[in-house]
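Fold and contact review
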Amino acid sequence: MKRRSLVAVLAAGSLVIAACGDDDDAADEPSEDTTADTEAEEEPAEETTETTMAEDDMDDMDEEPTETTMAEDDMATETTMAEGDDMATPEGWPESIVLTLTPSQEAGGLVDTAEPLAVALEEALGIDVEAIVPSDYAGVIVALQSGQAQIAGGLGPAQMVQAADTAGADLILQAVRFGDSQYVTQWFTNDPDTYCATDVVQITDEEDGTIMSFCNGVDEAEGPSDGPIGSDQLPNVAGQTISFVDQGSTSGYLIPSLALIEAGVDPLDDITSLFAGGHDSSVQAVYDGDAAVGVSFNDARGQLVETVPDVGEKVVVFGWSAPIPNDGFAVAGDLPDDLKTAITDALVAYSSSEDGAVVMDELYEIDGLVPVPEGSYDIIRDLETELSDLLG
């Protein structure tokens, strides 16, 4: 790739980057010569009449439940309508939105893993949510900018800057891993004799028995703030094939390129670049021998242990970069503010749930989500400017 191509990649970051009967007449009175017997016989008739009238009155009383039933029906109808109003989509909200995800791993598998997240968002928001994964990093920003997507997740630091600066998105959440909102680029190799100034140290995970190999003191690092580590070994990569992730990846290309320049290695002329397309794929390339050295976020080897159990033994991490702000989530800037808040709350709640924690880990190894600190990604803006200056 030519020098101006890398500059174009950086410049593209600022261009690339959705209530609802009448009563019967009375009997004629009897004549005056009517005997007492006759009068006595007529008394039961009067009683019968009174009884019938009483029964009629009771019949009238029987009609009262009908009025109650009508009232109950009215109340039921009003309740149903009220419930329908509560379930209605809030004013200004779209009927559906799209969640786009950065392809940090194989896209098909990523979409399958993201389906539970999309379903959780649907349930929380009451609108349809579709998950998509573009073919590359730039496609995520294009989707935001063009209105094809309204939520973007797994955005690397450079993408967060592009989402805000070129797509007009709001940066809402930042990922937390291992209790930290920062991470590093890790450098790894299948040739420890060349890139390890110290003995290789193998650490076995007590839970699953996975072995991970390190050298140059990386095994002693307690967190991203301990970087950079092993940068004195970077001059040795000159003339070698290096496995990168994507030209728009911060930890998978931009940060490593700057580190190479500072080590006296031109990332365009002094090495052969292999763009693997995903962090796990970059690790795979070094494991397979397609490249002597590779880069990824720490520790992307964990994404391969199920299919390649010995990846941590054969691929040795020999270096770390300085700390980088973690990836995160952004939402389209033109969404209603109450929808932005609802999306943010839904993502935080889901990542904190038992099922959600599993899904977020499978997606991007995310342990939690926190609000984006003010100015968190200014260092990335400075990085892009510095790279542009150094590469002319």
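Residue numbers restart at each chain and count upward from 1, following the sequence in its written direction. Residue-level local features of this predicted model are given only where pLDDT is at least 70; pairs of side-chain atoms are given and counted only at 80 or more, and the full residue set underlies all totals for whole chains, interfaces and linings. Heavy atoms throughout the structure, all of them, feed into the side-chain values; hydrogens and water do not.

With that out of the way, let us pick up unusual backbone geometry. In this structure, the amide linkage connecting Gly227 to the following residue, Pro228, adopts the cis form with an omega of 5°. Numbering of helices and strands runs from the N terminus, with a helix taken as a DSSP run of H or I at least four residues long and a strand as a DSSP run of E at least two residues long. Tracing the sequence through the fold places Pro228 in the loop between strand S8 (211-214) and strand S9 (241-244). The omega torsion of the bond from Asn298 to Asp299 falls at -15°, within 30 degrees of zero and hence cis. When you line up the elements, Asp299 lands in the loop between strand S11 (293-297) and helix H10 (311-314).

So, about the confidence of the model for the protein chain. Any region with low pLDDT has predicted coordinates that should not be read closely. A residue's pLDDT is the predictor's confidence in that residue, given on a scale from 0 to 100. In the predicted model, the protein chain carries a mean pLDDT of 82, and 76% of its residues have values of at least 70. Note that residues 1-86 has pLDDT below 50 and, in this model, 51 contacts with residues that lie over four places away or in other chains. Residue contacts follow a heavy-atom distance rule, with two residues in contact if any of their heavy atoms lie within 4.5 Å.

Turning our attention to the packing of aromatic side chains. Pairing of aromatic side chains here covers Phe, Tyr and the six-membered ring of Trp, requires ring centres within 6.5 Å, and sorts the geometry by plane angle: under 30 degrees stacked, over 60 edge-to-face, intermediate tilted. Using the criterion set out here, one finds five aromatic pairs in the structure. An angle of 45° between the planes, with centres 6.5 Å apart, marks the rings of Trp187 and Phe318 as tilted. Of this pair, Trp187 sits in strand S6 (residues 185-189) while Phe318 sits in strand S12 (residues 316-320), and the two are 131 residues apart along the sequence. Per-residue accessibility, obtained with a 1.4 Å probe over protein chains only, is compared with the maximum for each type, and a residue is labelled buried under 20%, exposed over 50%, and partly exposed between these values. A residue is classified by how much of its surface remains accessible, and Phe318, at 0% relative accessible area, is buried. Seen from their ring centres, Phe244 and Tyr253 are 5.0 Å apart, and the 85° between their planes marks the pair as edge-to-face. Of the two residues, Phe244 and Tyr253, neither departs from the other in class, the shared state being buried. Grouped by ring-pair contacts, the aromatic residues Trp187, Tyr195 and Phe318 constitute a single cluster.

Take the state of the cysteines next. By convention in this document, the label disulfide applies to cysteine sulfur atom pairs within 2.5 Å. Within this structure, the stated rule accounts for one disulfide. Covalently, Cys196 is tied to Cys215 through a disulfide, its sulfur atoms 2.1 Å apart. Residues Cys196 and Cys215 are joined by a disulfide whose S-S torsion is about -75°; by sign, that bridge is left-handed. Of this pair, Cys196 sits in the loop between helix H7 (192-195) and strand S7 (201-204) while Cys215 sits in the loop between S8 and S9, placing them 19 residues apart in sequence. Like Cys196, the residue Cys215 is buried in the burial classification.

What follows deals with the sheet that holds S6. Strand order in the open sheet made by the seven strands is S7-S8-S12-S6-S11-S9-S10, with mixed pairing throughout. Edge positions in the sheet fall to S7 and strand S10 (272-275), since each has one partner strand and no second. Looking at each pair of strands side by side, their axes are set apart by 30° on average, direction ignored. For two strands to pair, DSSP has to find at least two bridges joining them. The sheet contact formed by S9 and S11 spans two bridges and is parallel. Within S11, the residue paired with Ser243 across the bridge is Gly294. To get an axis, fit a line to the C-alpha atoms, keeping to the stretch in contact for a helix; angles then go from 0 to 180 degrees between the N-to-C directions. Contacts from helix H8 (residues 250-262) reach S6, S9, S10 and S11 within the one sheet, and its direction differs from that of S6 by about 80°. Against the sheet, helix H9 (residues 279-288) makes contact with S6, S9, S10 and S11, and its axis sits at roughly 155° relative to S11, the strand it touches most.

Turning to helix H11 (residues 337-352), a few remarks are in order. Residue count minus one, scaled by 1.5 Å, sets the expected span of a helix. With 16 residues, H11 extends 23 Å from end C-alpha to end C-alpha; this agrees with the ideal 22 Å at 1.5 Å per step. Turning to H11, its buried residues are Leu339, Lys340, Ile343, Thr344, Ala346, Leu347, Tyr350 and Ser351. Axial view of H11: buried residues confined to an arc of 165°, hence all on one face. With respect to the buried face of H11, the exposed residues turned more than 90 degrees away are Asp337 and Ser352. The directions from the helix axis to the C-beta atoms form the arc being described.

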